[in-house]
Amino acid sequence: MAGSYHNLSRGASPLASRLRSGRPDAARCTSGKSPPMNNRGRAIEQFMWGYQHFFRSSVGVGAKMVFEAIGFDARPTVVLIGFQVAGEHAYVICIEPEDGPYSPDEFSGVDARATQLYEENPESRMHYGAAHIHERKHRELWDQMRANAVVEVLGSHAASQNQTFFASPSTRVGDYEVYVALGVPSDALADVPQIKTTWRDRYRIAPSLVHAAIYEILHRASISLNLPDPGIDLGALGVGTPEIVRTATGGFVRSILLCAGYMSGENRDLLFSSISALPYEGRSGNGTLVLAQPDDPAIEVSLRLHHPVELDNTRAVRKLLEASGSGSDLLVGEKVDAEVYAFGRIGDNYDPTTETAFVVSLLGRGAWNLSHDNEVLLSVRDGVARLPVNVLEHDRLADLADRLLPNPDVPKLVELARAASQNEHGAMLVISSDAHAEAQRLSPQAWAVEPAALSADMMRQLTAMDGAVLVDPEGNCHAIGVILDGRAAGQGDPARGSRFNNVIRYLDTDPPPAVIVVYSADGSIDILPKLRPRVQRQAVDDAVRRYVELATEESPNLARISDALDTVKSLRFYLSAEQCDAVNGAMAKVDEWRKNNTNIRIIEREFAPSADMNDSYWLA
């Protein structure tokens, strides 16, 4: 940190009054001026710059692509909030989209709240030796507090139910200081593997890969706002999805290292990929690195190196991995730089609430996982990071069992599925609605057994042999070593192994309804059949109705129409023939309007009813 600093323990920062001065109190003024026009000749009432709607849409598209790349199934919401700092305008506070659920009046108290948060923050009493640094640091802190106040307003709004918002620092665009706010569904974010720490030693921590991605998206958006006419080229994030994912991965790993007490954490994700990819006498890199400080009371040392090996010395670290095993891992500590200093393990006395000890599991060439307290937080394959994919989806298993099986004992089935996962070569659990008949039919290539309830330990033993375990909806075993039969019908995947494709062939022969959990040797988990989720009929009706209404307005709002069409696209499978006709007609009207008014045409694929759709896909 540049400059010296001191803790001013008495009173608020002398900058507080200056930071408050000149800030508008109301959302509107009455200049009487006509609203400016955007680049399409359409009036923008809450005008900040002419391409603000394109910029907002572009950030949303970019965020969605990043989320898809890391395996986060969530649709982002983007809002721009601008606070006037110069000029005279009809709106002192502007919102984009201006016809959305948020109004400028609702943000009129943001500055007062920002000042309150600023004065309550201990950082406001920090003094930096250099005057210009002192001024900049405190302005940045106040700006951060105003971003927090913006998030509070968005989060408490009725339209933001089940939404968690994040906001960028402000960027001066024309006469406004503009914040980019990004919202994601709260339940989807809560399901992401993550730690609880958000600050450590005055550093912000990204609790998950998704948080790191959101921070990077907002950072890139802020940078783009400094360019002339941001949004004009529809590239609001400035770089491609792979670069954002790569930077976010580095940021998340750096956050984890900060939690573990490491101050130097740059590009450690690349280092872990290099170690995992480095062969040793023809063998790929497998083993475990424990990231924790040597003085952590939970660290148990079994053998200490007289001369620690720097983690950057990948060949030496790779050789040491050969000596690690199930009871002893490589312990990585830090003096000046991270180094392997001993063999050992995390003891049973580790308190996971401290979030100070983490594990990097090297799984083979270019493959590694980052974990805390036996929960995988991050999976990297060939240098590409995603949320953990090798995790049993309990809700999906429960949903399929409820839809396809009579009176299933869901907790028992989940217990057996979990037990089946604890194998080294892959496994398969077949849950059949008529397990007894299937055991007899498949008995030439399976061992039928007297029906019996399976314990988790017994399930683990049975999956050590080849073939599937066949159980009924209550979890009683009917056959072991089962080889599924079926015909090849073009539904498989040549990139997948025999287990997965045997299941596809089996299900294509119309057996008694069944749910099958497949653990492949590469670590992937599939729950088959892959049925689409059940949805509320009213949600589909509302989505179609909203799009048709927006698309048939005399002067359509293209941003709102695009958002509405995206929602309808996500529900395409569930649409009836009548709804498909209505959406296609509305799309034709929008296309005609675009052709006549913007010289731009977007060719959309027409909607058609799905032959596989039936009433079983509706939620009761």
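Small disclaimer: the values here were computed from a predicted structure and weren't measured. (Residues numbered from 1 in each chain as written. Predicted model: local features only at pLDDT ≥ 70, side-chain atom pairs only at ≥ 80, totals over all residues. Heavy atoms only, no water.)

Quick notes on the nonpolar core
Logical step 1: Core analysis: the biggest nonpolar cluster contains 76 residues, and Phe72, Leu289 and Leu311 have the highest contact counts within it.
Logical step 2: For Phe72, the residues in contact, after removing those within four places along its chain, are Phe67, Val184, Ala188, Leu189, Val192, Val210 and Leu387.
Logical step 3: Of all hydrophobic cores here, the second largest spans 27 residues; its members include Leu392, Val414, Ile431 and Leu454. (Core = buried A, V, L, I, M, F, W, Y, C linked by side-chain atoms within 4.5 Å. Buried < 20%, exposed > 50% of the residue type's maximum accessible area, 1.4 Å probe, protein only. Contact = heavy atoms within 4.5 Å.)

Here we look at helix α16 (residues 558-570)
Side chains three or four residues apart in an α-helix point the same way, a direct result of the helix having 3.6 residues per turn.
Logical step 1: For α16, built from 13 residues, the straight-helix expectation of 18 Å at 1.5 Å per residue is met to within 8% by its first-to-last C-alpha distance of 18 Å.
Logical step 2: Taken residue by residue, α16 has Ala559, Ile561, Ala564, Leu565 and Val568 as its buried positions.
Logical step 3: Contact partners of the buried residues in α16: α2 (52-70), α15 (537-551) and α17 (577-597).
Logical step 4: With a side-chain oxygen positioned 3.0 Å from the backbone nitrogen of Arg560, the residue opening α16 is Asn557. (Helix = DSSP H or I, 4+ residues; strand = E, 2+ residues; numbered from the N terminus. Expected span 1.5 Å × (residues − 1). Polar contact = N/O pair within 3.5 Å; in protein donor to acceptor, adjacent residues only side chain to side chain.)

A closer look at the sheet that holds strand β13 (residues 338-346)
Pairing between sheet strands relies on hydrogen bonds along the backbone, with the strands arranged either parallel or antiparallel.
Logical step 1: With mixed pairing, eight strands are arranged side by side in an open sheet as β11-β13-β12-β10-β14-β15-β16-β17. Pairing within the sheet leaves two strands with one partner each, and these edge strands are β11 (299-310) and β17 (384-386). For this sheet, the mean inter-axis angle between neighbouring strands, taken without regard to orientation, is 25°.
Logical step 2: Of the pairings in the sheet, the one linking strand β14 (residues 358-364) to strand β15 (residues 367-372) comprises five bridges and is antiparallel in character. Bridging across to β15, Val360 finds its partner in Leu370.
Logical step 3: Packed on one face of the sheet, helix α8 (residues 268-277) meets β10 (286-291), β13, β14, β15 and β16 (375-381) and runs near 40° to β14. (Pairing = 2+ DSSP bridges. Axes fitted to C-alpha atoms, helices over the stretch in contact; angles between N-to-C directions.)

Observations regarding the environment of Thr288
Logical step 1: Position of Thr288 among the secondary structure elements: in strand β10.
Logical step 2: With relative accessibility at 18%, the residue Thr288 sits in the buried group.
Logical step 3: In the structure, Thr288 is positioned 73 residues away from Ser361 in sequence and 4.6 Å away in space, judged by C-alpha atoms.
Logical step 4: If sequence neighbours within four positions are ignored, Thr288 has contacts with Leu321, Ser324, Asp329, Leu330, Val359, Val360 and Ser361.

Some details on the confidence of the model for the protein chain
Logical step 1: Summary statistics for the protein chain give a mean pLDDT of 85 and a share of 88% for residues scoring 70 or more.
Logical step 2: Across residues 37-41, where pLDDT falls below 50, the model places 13 contacts with residues more than four positions away in sequence or in other chains. (pLDDT = per-residue confidence, 0-100.)

Here we look at the packing of α8 against helix α9 (residues 314-321)
Logical step 1: Orientation of α8 relative to α9, taken along the N-to-C sense of each, is 55°, at an axis distance of 9 Å. Viewed along their axes, α8 and α9 adopt a mutual orientation that is oblique. In this structure, α8 crosses over α9, and the sense of that crossing is right-handed. Mapping the contact onto sequence places Leu271, Ser274 and Ile275 in α8 and Thr314, Val317, Arg318 and Leu321 in α9.
Logical step 2: Taken together, the residues of the contact of α8 with α9 sort by class into four nonpolar, two polar and one charged. (Parallel < 35°, antiparallel > 145°, perpendicular 65-115°, else oblique. Left-handed = near helix turned anticlockwise from the far one by under 90°. Nonpolar A, V, L, I, M, F, W, Y, C, P; charged D, E, K, R; others polar.)

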